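A closer look at the structure
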Amino acid sequence: MKIKPAIVRRPHVEGDWTHLHENPVLARVLAARGVKAQDDTDVGLNGLLPASTLGGLSQAVALLANALIAQQHIVIVGDYDADGATSTALAMRLLGDMGAQSVRYFVPDRFHYGYGLSTAVITDLGTPKPDLIVTVDNGVASVDGVAAARGAGIDVLVTDHHLPPEVLPNATAIVNPNLRDDPFPSKNLAGVGVVFYLLSALRTELDSRGWFSDTGIEKPNPATYLDLVALGTVADVVPLDRNNRILVEQGLRRIRAGACCEGVKALLNVAGRDYTRCVSSDLGFAVGPRLNAAGRLESMGMGIACLLADTELDAARLASQLDSMNKQRREIESDMRESANELLYAWTAQHSGQTLPAGICLYDPEWHEGVIGILAGRVRETVHRPTCVFTLDGDGMAKGSARSVAGVNIRDAIAWVESRENGLLHKYGGHAMAAGLTLAQESLPRFGELFDAAVVEQTNGAPPNAELLSDGELDSEDFTLETAALMRSALPWGSQFPEPLFDGVFTRVEQRIVGSRHLKMRVHLRESPSLVVDAIAFGETGEDLAGGDVRLAYRLDVNNFRGKISLQLLVEHIEDV
């Protein structure tokens, strides 16, 4: 059922790009990603976009400064993913450092409250009654929840980065770079990035009012917690434009120096990653999933507690529990993937000779509500189609999670469905690559029809091709540990600024299966038999290969196994020549 991608080489960018980097391979990689000036490779904090261009910031800062100086009761209302957890932890730490004496957090669990600031959340916030609610990574669509809070005499400061609905909540202040006509040049800030900008501006405002000198509180440096900003930004898979690359790289440097939260260090440790060599992929594929496991299976409270832990012992204990949750999540996900594959095969058998729909919708009332987002992503990777996965929530509604492919804005596709049949959806929200939605169970067939039509509308009837974009071939002299280390950590790689991927034809010298399902090889470039290197293809057995030479799409990697450092190819795709 898996659609094999085609290896497509990025267009060659004509010109002399040696000014971008002294290494010609990296220079060409950067040019292929649209980097034109050396300044674009500068990841110093001085290159950050100015906070003054972020709409709504002055009103929000004044509101928050007044609340802090008056020692009002402040409640941070977060979200149950890694971006929400890091946003919450960042707000708790920095507000505490600035002298807030009554600040606590509340993260709605997805099973009881659902997403965002709902009216049920307002009812259950407990005592003391908050004077100010600050939402992080949510709130821009919480019209009813904000109205309930304001009706109860509570001010609401919304900080968010998701696309806004047609009608905004009546919050006291809103900070969101994606609001219509917001002048902030980058629309790609994660929720934790928005919080970082807000609290950095708050420190400046409090300093101008003499707060730190009058109270004797040491003026904190928000950059101290850039490890949290880096983690939330990478884990939320927002595009790594230059501004986000600066935030992520500065956070990574602090992690590698050990100047990070104990929780981040502990999560890297349980994942078997060396914090002194941490790169963005470690945050995205090792730390993020373990942090997210808490919000998927139980409550994000444990994840936030890990990020707020001040001792190595407490952080290690919580990280170990999160690691166990992540293993449980993997088992649940494996079972769900198997049943999803069965549904796809059943559709294929029923519609003999037809290709899959342009937009995929799958439903099973037994699927775990906290894992459907991951399943949607896995199905999307397998069939290369925008995918919506549904299960039943506690209220008997069909709750869905959607993931997209390049070229299809899935939030717009869902909005198109709603525009064609108003009232079909109970609620929805998200952004170009991911979204969430809820509708009546009996409406699922109709939604599936309209969703498929929405994707056809966006793609003009031609579903996106499954492609692996390659940076081309490497010469034999490029296969060095130095080049591999440079490709790995020269800049933070991530969404829309992908890690370098190369391709070439290789001859297999040796091969064996390790860990029951990974293909370990020794290969050399077909034209360079004397240069033999290790290669590993995870999740690949090689059973469908005819033998002989193969084309590999791979990344250069530095393998550190039991103290022995060697060059290794991480194979993303393998096919017969």
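That block above? That's the structure.
First, a word on scope: everything that follows refers to the structure included in this document. (Residues numbered from 1 in each chain as written. Predicted model: local features only at pLDDT ≥ 70, side-chain atom pairs only at ≥ 80, totals over all residues. Heavy atoms only, no water.)

**What to know about the sheet that holds strand 4 (residues 132-136)**
If you walk across this open sheet you meet the 5 strands as 3-2-4-5-6, and the pairing is parallel. The outermost strands of the open sheet, each flanked by one partner alone, are strand 3 (103-106) and strand 6 (173-175). Within this sheet the neighbouring strands show an average axis-to-axis angle of 20°, counted without direction. Its contacts with the sheet put helix 6 (residues 191-208) on strand 4, strand 5 (155-159) and strand 6, and the angle it makes with strand 5 is roughly 120°. (Pairing = 2+ DSSP bridges. Helix = DSSP H or I, 4+ residues; strand = E, 2+ residues; numbered from the N terminus. Axes fitted to C-alpha atoms, helices over the stretch in contact; angles between N-to-C directions. Contact = heavy atoms within 4.5 Å.)

**Re the pairing of strand 9 (residues 398-403)**
Put simply, side chains in a regular strand alternate between the two faces of the sheet. Of all 6 residues in strand 9, 6 are buried; the element is thus mostly enclosed. Burial of the side chains of strand 9 extends over both faces: Ala-398, Gly-400 and Ala-402 are buried on one face and Lys-399, Ser-401 and Arg-403 on the other. Here 6 bridges tie strand 8 (residues 387-392) to strand 9, and the two strands are oriented antiparallel to one another. Bridging across to strand 9, Phe-390 finds its partner in Gly-400. Where strand 8 folds back onto strand 9 in an antiparallel hairpin, the turn is made up of 5 residues, including Gly-396, whose phi is positive at roughly 80°. Where strand 9 and strand 11 (residues 434-439) come together, 6 bridges link them in antiparallel fashion. Bridge pairing in strand 11 places Arg-403 opposite Ala-434. (Buried < 20%, exposed > 50% of the residue type's maximum accessible area, 1.4 Å probe, protein only.)

**Section: the packing of aromatic side chains**
In total, this model carries 11 aromatic pairs according to the counting rule given. Between Phe-447 and Phe-451 the ring centres are 5.7 Å apart and the planes differ by 15°, which places this aromatic pair in the stacked class. Highlighted residues: Phe-447 and Phe-451, both in helix 16 (residues 444-459), separated by 4 residues, approximately one helical turn. The pair Phe-447 / Phe-451 is uniform in exposure class, with both members buried. When the centroid spacing of 5.3 Å and the interplanar angle of 15° are considered together, the rings of Trp-493 and Phe-497 count as stacked. In this pair, the class of Trp-493 matches that of Phe-497, namely buried. (Phe/Tyr/Trp six-rings, centres within 6.5 Å; stacked < 30°, edge-to-face > 60°.)

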